[in-house]
Amino acid sequence: MVSSPSPTLSSSTSARHGPTHRVPRRPARVAVAFAVALALPTAASGATPSLRPGAIHAQVARATPTPQPVPAAAASTTTVELPTGDVVTLTDTLRGPIVSPVGPMTGGGATVYSIGRSTYAFPRSVQALVGTVLAPSLFDVRALAAHPDAPVPVRVTYAAPSSPTPVAGVEITSRTGRTGRGYLTAASRAAFRKALEKTSAATLLTNVTAISGGGGHPVTPSWPMNTLTVKTVGAGGRPVAAQVAVINLDDPLKPSLFVTTNGNGVTKVSVPTGTYEVLAAATNRARTVTALASTRQFTVDAAGAVTLDIRTATTPLVTTLDRPVSYHTVVTELTREITGKDGESVINRIEVVETGSTPTRIYLTPTTGHLLGSQRLQRFVSASSPVGAPDAYTYTTYYAHDGAIPRTALEYHSDATNLTAYDSAFYAPTGHSGAVVHQSIAGAEETRTFDTVLAGPTRLTRYVTAASGVTSGAAYVQEGDATGDHRGEFVQPAGPTQPGRVRFDGWGKPPLHSHFVVTPQSPGDPVWCPACLNGYAIGVALSAMDDSNPAHSGSADVVDGSEVGTYALSGDRMSLASGPGPANAQGYYLPGTTTFSVTQTSTRDLSSAAPIRVTTTLTTKAAAAVPLPDTWICGIGGDCSVLPFLSVDYDAPVNLAGRLAPGDRTLGLTVHQVGRAQPVGVRTVRAWIRYGSGVWRSLPTHGSGASWTASLSVPQVASPTSASLRVAVTDRADSTLSETMTNVFTLPTG
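Residues numbered from 1 in each chain as written. Predicted model: local features only at pLDDT ≥ 70, side-chain atom pairs only at ≥ 80, totals over all residues. Heavy atoms only, no water.

Caption draft 1: Broad picture of the overall build of the protein. The helix and strand inventory of the protein stands at four helices and 56 strands. Counting only residues that meet the buried cut, the protein has 55% of its 750 residues in that class. Across the protein, every contact between residues at least 6 apart in sequence was considered, and the portion connecting residues at least 24 apart equals 70%. Of the accessible surface of the protein, which amounts to about 29000 Å², a share of 54% is contributed by carbon and sulfur atoms. (Helix = DSSP H or I, 4+ residues; strand = E, 2+ residues; numbered from the N terminus. Buried < 20%, exposed > 50% of the residue type's maximum accessible area, 1.4 Å probe, protein only. Contact = heavy atoms within 4.5 Å. Areas by Shrake-Rupley, 256 points an atom, 1.4 Å probe, with all protein chains shown as cover.)

Rendered as structure tokens:
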């Protein structure tokens, strides 16, 4: 069933795969997050079917590489509270600012204008008053982001000297006649939002005629200017007040402007000589219709006038899904990009962001004449299974149309031919709630991430658009907070998508363990060697607390921006590198060094379970090094070879709550050697288990090569009991692995 939307958790969906000792990681793609709460069934008792390692890679390995989204180097995200109490994030990217809501918006959505140097976000609850009663500058997201916690000074004009002094959404500090002064504060915004849930903004602000203040970005003219009169008309050709963008189409250095027409549908602006277009987003909430209307391109070389007729928006944008859904976030974005002769470009965009259960019907003005610059229409959809659905699922879809808007409908339908279906299982302790799935999706220019909040361990089918030029990634954070600290993160880096079904997509399945990542960040990419040496240096990248899915990488607790744990890298017992966090380092060793070792400890401390601690110690001989595979890249330079450190992946018979059911059980153990497709010379694989604080008990092990099993007899317990696992592996080259995983399972009572 679906509950009401919850606040988003801050997170990063940047790729964690790959060592940082080689070169800096590729810049993280921007994740603009909006959370929807999906109350899903919790895990039933009993063991679940095991997940097959490599199942996901087997289905995507042959995907053809496609253009990647433009990365945002040094992108920054700031959380901003609007005057209405709505919360949004502002993320600066190479493609310009992106605004995304955090939770549902008052009025069911917002319109975002990123025009010139200004970015505004107008919630629908007050949009009809913007430009008349409410100054647009109050909603200048950039200005608010510059001082996100500071009160915003405002000036109030009362309707009459006798008007009541209190003003909804404002803390009044002084009043003289019809003029008042005050501040927008956290308390006043919260009160305004609460009031807007029951009363319209127009009713709440009947005692004032204007509230002004906030930011603003004045333009200093650099050219001879012309006065342009902009008129806006709507139904029946009657003048209407509107927010509009006046876009320059022939010179990125010339200003594009955001303006508002008054109650008579008129405003005047001063613009340089050039070619222009006027655009607006107008929502008729009563008719559940939104028009993305535009004028024809026109030339301004003297004083003149232009009329934007909302009624020209006649081309419908239709997006449908193949199963019933409850919509959570729908973003419709129209972007106009102008590039100058020197290659410099400017991007202007209008976004219609809808957070209600039923998005409006979108209509656009067909393009007439030659289209200057480039134009892109994009739609992002986030939805989930409706209340009462027999199974739980989500949709994250993306559609784009480049160039002129046609006169006929733009129709996009999502079904098995253009979706990837991930049959996902999300593991977490019993009683745990509040975990978040971050699902990213991107076209060639922009990435957005939509969040699904889980009520506990669950199964969920994730449907994601699979098409040429579309990339997708995901992350699972079991517990987080607004500061960015989190516990229990697992990441699958973004990569190209293709239609089909991924039937084994487990997240967070215990036991958590250390793991060398030897899969490419995207199909077709090279593998960055996670354990290499040359004549003088060694580089090691050992992921911490991975789950059983080889497509994922995990992390220990992140506190104050750092992973909780330590590592030490040594050569013949001489320290080469050490520090906090996972082993991801480079060291220089003495000539003649024979043995290298790595020790890594990591901690996971969920509030609903016993703390997990994983300690992994590895050794290998320099003489055992193998040639660098042809498809690998060494990040430390020189003529590199691969150190065949051992690692083990686990296939445990646990349910979604990480419980081992009583009785005879079999634990799968898959041995790996870095640099080899299959291990060579595995000599011994031993395993032990400990229940609670009891003694370690040796487990019978059987197998050869990569495939081993450990047999265990799980006892009945009278109270919830944790279980710990220890594994030791050796091979003929004297490489060793010792891994201890405390509190990685639980035993159910009864």
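Caption draft 2: Structural detail: the packing of aromatic side chains. Counted under the stated rule, the structure contains 18 aromatic pairs. With a centroid separation of 4.8 Å and 35° between ring planes, the pair formed by tyrosine 120 and phenylalanine 258 is classed as tilted. Of this pair, tyrosine 120 sits in strand β6 (residues 118-123) while phenylalanine 258 sits in strand β13 (residues 257-260), and the two are 138 residues apart along the sequence. Relative accessible area serves as the criterion here: at 8%, tyrosine 120 is assigned to the buried category. The interplanar angle of 5° and the centroid separation of 6.2 Å between the aromatic rings of tyrosine 536 and tyrosine 588 together place this pair among those described as stacked. One end of the pair, tyrosine 536, is in the loop between β35 (531-533) and β36 (537-541); the other, tyrosine 588, is in strand β43 (residues 584-588), and 52 residues separate them in sequence. Ring pairs connect the aromatic residues Tyr113, Tyr120, Phe122, Phe139 and Phe258, which therefore count as one cluster. Over the ring of tyrosine 158 we find arginine 175; its NZ or CZ atom is 3.8 Å from the centre of that ring. (Phe/Tyr/Trp six-rings, centres within 6.5 Å; stacked < 30°, edge-to-face > 60°. Lys NZ or Arg CZ within 6 Å of the ring centre and 35° of its normal.)

Caption draft 3: Expanded view of the sheet that holds strand β24 (residues 393-402). One open sheet holds the nine strands; their spatial order is β6-β5-β21-β20-β23-β24-β29-β26-β32, and the pairing between them is mixed. Lying at the two open borders of the sheet, with one neighbouring strand each, are β6 and β32 (500-507). With strand direction ignored, the average angle separating the axes of adjacent strands in the sheet is 15°. As judged from the six bridges shared by strand β5 (residues 109-115) and strand β21 (residues 345-354), these two strands associate in the antiparallel manner. Bridge pairing in β21 links tyrosine 113 to isoleucine 350. (Pairing = 2+ DSSP bridges. Axes fitted to C-alpha atoms, helices over the stretch in contact; angles between N-to-C directions.)

Caption draft 4: Structural view of the nonpolar core. Residues Tyr113, Leu134, Leu205, Ile211 and Leu228 are the most contacted members of the largest nonpolar core, which totals 85 residues. When residues in this core are grouped by element, the largest group, five residues, is from strand β15 (residues 274-284). Apart from the residues within four sequence positions on either side, leucine 205 is in contact with Leu129, Val133, Leu134, Val167, Ala168, Phe192 and Ile211. Grouped together as the second largest cluster of nonpolar side chains are 77 residues, Ala428, Ile612, Leu618 and Tyr691 included. (Core = buried A, V, L, I, M, F, W, Y, C linked by side-chain atoms within 4.5 Å.)

Caption draft 5: Main features of the side chain of histidine 432. In this fold, histidine 432 is placed in the loop between β26 (419-426) and β27 (435-442). Separated by 3.0 Å, the side chains of histidine 432 and serine 608 make a polar contact. Not counting residues up to four positions away in its chain, the partners in contact with histidine 432 are Ala455, Gly456, Pro457, Gln478, Glu479, Leu606 and Ser608. (Polar contact = N/O pair within 3.5 Å; in protein donor to acceptor, adjacent residues only side chain to side chain.)

Caption draft 6: Quick look at unusual backbone geometry. With omega at 5°, the peptide bond leading from proline 510 into proline 511 counts as cis. Counting through the fold element by element, proline 511 comes out in the loop between β32 and β33 (513-515). Look at aspartate 560: it is not a glycine, yet its phi comes out positive at around 55°. As for its placement among the helices and strands, aspartate 560 is situated in the loop between β39 (558-559) and β40 (562-563). We note that arginine 573 has phi near 70°; this positive angle belongs to a residue other than glycine. Relative to the elements of secondary structure, arginine 573 occurs in the loop between β41 (565-571) and β42 (574-580).

Caption draft 7: The arrangement of the sheet that holds β42 in detail. Judged by pairing direction, the sheet is antiparallel, and its eight strands sit side by side in the order β42-β41-β44-β45-β56-β55-β51-β52 without closing on themselves. Edge positions in the open sheet fall to β42 and β52 (697-699), since each of these has one partner strand only. Averaged over neighbouring strand pairs, the angle between their axes works out to 15° when direction is ignored. Bridge analysis of strand β51 (residues 682-691) against strand β55 (residues 721-731) gives nine bridges, and the strand direction is antiparallel. Paired with arginine 686 across the two strands is alanine 728, which belongs to β55.

Caption draft 8: Molecular detail of the state of the cysteines. Throughout the structure, instances matching the rule amount to two disulfides. Disulfide pairing is shown between cysteine 529 and cysteine 532; the S-S distance is 2.1 Å. Looking along the S-S bond of the cysteine 529-cysteine 532 disulfide, the torsion reads about 100°, which is the right-handed sense. You'll find cysteine 529 and cysteine 532 in the same group, each marked buried. Disulfide partner of cysteine 634: cysteine 640, at an S-S distance of 2.0 Å. Across the S-S bond linking cysteine 634 and cysteine 640, the dihedral sits near -50°, which makes this disulfide left-handed. For the pair cysteine 634 and cysteine 640, a shared accessibility class is recorded, and that class is buried. With cysteine numbering restricted to those in disulfides and following the sequence, the protein has the pairing 1-2, 3-4. (Disulfide = S-S within 2.5 Å.)

Caption draft 9: Summary view of the pairing of strand β16 (residues 289-294). The element β16 is largely enclosed, with a buried count of six among its six residues. Residues Val289, Ala291 and Ala293 point to one face of β16 and Thr290, Leu292 and Ser294 to the other, with burial holding for every one of them. Sheet analysis places β15 next to β16, joined by six bridges and oriented antiparallel. Looking at the pairing, alanine 281 lines up with leucine 292 of β16.

Caption draft 10: Focus on the environment of glycine 668. The topology assignment puts glycine 668 in strand β50 (residues 663-673). On a C-alpha basis, the gap between glycine 668 and histidine 702 in space is 9.9 Å, while along the polypeptide they are 34 residues apart. Aside from chain neighbours lying at most four places away, what touches glycine 668 is Asp649, Tyr650, Asp651 and Trp708.

Caption draft 11: Quick peek at helix α3 (residues 186-196). All of the buried residues in α3 are Ser188, Arg189, Phe192 and Leu196. For α3, the arc enclosing every buried residue in end-on projection is 100°, short of the 170-degree limit, so these residues lie on one face. Among the exposed residues of α3, those oriented more than 90 degrees off its buried face are Ala186, Ala187 and Lys194. Contacts from the buried residues of α3 go to β2 (76-81), α2 (141-146), β7 (152-158), β8 (171-176), β9 (179-184) and α4 (201-204). (Arc of directions from axis to C-beta.)

Caption draft 12: Structural detail: the environment of leucine 364. In this fold, leucine 364 is placed in strand β22 (residues 361-364). Once the C-alpha coordinates of leucine 364 and threonine 314 are considered, the two residues, 50 residues apart in sequence, prove to be 5.8 Å apart. Not counting residues up to four positions away in its chain, the partners in contact with leucine 364 are Leu292, Thr312, Ala313, Thr314, Thr315, Leu317, Leu377 and Ile405.

Caption draft 13: Structural detail: the environment of proline 627. Looking at where proline 627 falls in the secondary structure, it is placed in strand β46 (residues 626-627). Looking at proline 627, the relative accessible area reads 65%, which means it is exposed. As a C-alpha pair, proline 627 and serine 641 span 14 residues in sequence and 4.9 Å in three-dimensional space.

Caption draft 14: The arrangement of the pattern of salt bridges in detail. Applying the stated criterion to the full structure yields 21 salt bridges. With a closest N to O distance of 2.9 Å, arginine 142 and aspartate 92 form a salt bridge. With arginine 142 in helix α2 and aspartate 92 in strand β3 (residues 87-93), this residue pair connects regions lying 50 residues apart in the sequence. For aspartate 92, a relative accessible area of 26% gives the class partly exposed. When the shortest N-O distance is used, the salt bridge between aspartate 557 and arginine 487 registers 3.6 Å. Of this pair, aspartate 557 sits in the loop between β38 (553-555) and β39 while arginine 487 sits in strand β31 (residues 486-496); the two residues are 70 residues apart in sequence, bridging distant segments of the chain. (Salt bridge = Lys/Arg side-chain N within 4 Å of Asp/Glu carboxyl O.)

Everything listed is a geometric property; what it means functionally is a separate question.
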